[in-house]
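# Structural overview for review
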Amino acid sequence: MEWSDLRVFLAIARTGTLGAAARSIGQSQPTMGRRLNALEYALGQALFQRTREGFVLTDEGSAVLAHAERMEEEAQGLERQLSGRERHLEGMLRLSSSDWFGAHLLAPVLAEFAQLQPRVTVELLTSAAHLSLPRREADMAFRIRPFEEPEVVSRKLMHIGYGAYLHNERAAPQAGDGTGVTLITMDTAFGGMPDAIWLKKTLPNAQVISRSNNRDVQARLCALGAGVAVLPRPLGDALRGVRLLDLGEAPPGRDTWVGYHRDMRRQARLRALLDLVVARLGG
């Protein structure tokens, strides 16, 4: 097994196609295919499924990926040390979070990290769907529930308070009633969220005027005067033209957890980003 073949394997795993992988490391596409075949023959395992959409890691390929990334990190560390560039990390990190959390809390941290480590490319994917850390669909993920996968190292990052907001020109509703009040809340798939239940309980006679699974959309509707919305405080407090309502009690807040695959715990670029995230958001 040749290290150079593992570089080919890593390029294909990261780009998904032979052509893109070949361009990323300056090789021809036929050469990439031959070297991948040689690696699979040497290991006696198929590392990728060949699909019409591209190359998808098999279970065996996912296992090889973890080791290959560690080898790459060690090789890059040796190069940096010998060339006097130990402080400069390189490579890519893929993050997964909800849309509003990524835009309002992670983005400032990532901007700072880009100044500190300009050779590290951070890819942030925001979606209500969870990318799998065990399947290496993401390197680091932020969730509102604890991670249960045994392969994942995780910690509680922060507690986020929530509040009910309304446009400044709209009359405040009466807690326990809500007659004549319009609500902006979660879509039906997320109707069991604690803040959605709290809003319906607190203003039982109010009418739901809009639903969305996107907190930024809810915030925008609230700022345009569409109705009362329960928003994370970091988002709602920064929203212009609205005020925080006092309805007797605050909506339930949420804890946020950060997790990463245990095989990544020694990767220098991940540790550097994690340390900065914890320093800026932890609490």
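See the structure printed just above.
Residues numbered from 1 in each chain as written. Predicted model: local features only at pLDDT ≥ 70, side-chain atom pairs only at ≥ 80, totals over all residues. Heavy atoms only, no water.

The final tally for this structure, using the stated rule, is 4 aromatic pairs. Aromatic pair W100 and F101: ring centres 5.9 Å apart, planes at 85°, arrangement edge-to-face. Accessibility classification places W100 together with F101 in one group, the buried group. The interplanar angle of 35° and the centroid separation of 5.5 Å between the aromatic rings of F101 and F142 together place this pair among those described as tilted. With F101 in helix α5 (residues 99–116) and F142 in strand β5 (residues 140–143), this residue pair connects regions lying 41 residues apart in the sequence. Like F101, the residue F142 is buried in the burial classification. Taken together, F9, F48 and F55 form an aromatic cluster joined through their ring pairs. (Phe/Tyr/Trp six-rings, centres within 6.5 Å; stacked < 30°, edge-to-face > 60°. Buried < 20%, exposed > 50% of the residue type's maximum accessible area, 1.4 Å probe, protein only. Helix = DSSP H or I, 4+ residues; strand = E, 2+ residues; numbered from the N terminus.)

Let's shift gears to the pattern of salt bridges. Where side chains of opposite charge bring their charged atoms close, a pairing between them can arise. All chains considered together, the criterion is met by 16 salt bridges. The partner of K201 in a salt bridge is E249, and the shortest N-O contact between them spans 3.9 Å. Linking K201 in helix α6 (residues 194–202) with E249 in the loop between β11 (242–244) and β12 (254–261), this pair joins segments that are 48 residues apart in sequence. Connected via shared salt-bridge partners are R14, E69, E72 and R136. (Salt bridge = Lys/Arg side-chain N within 4 Å of Asp/Glu carboxyl O.)

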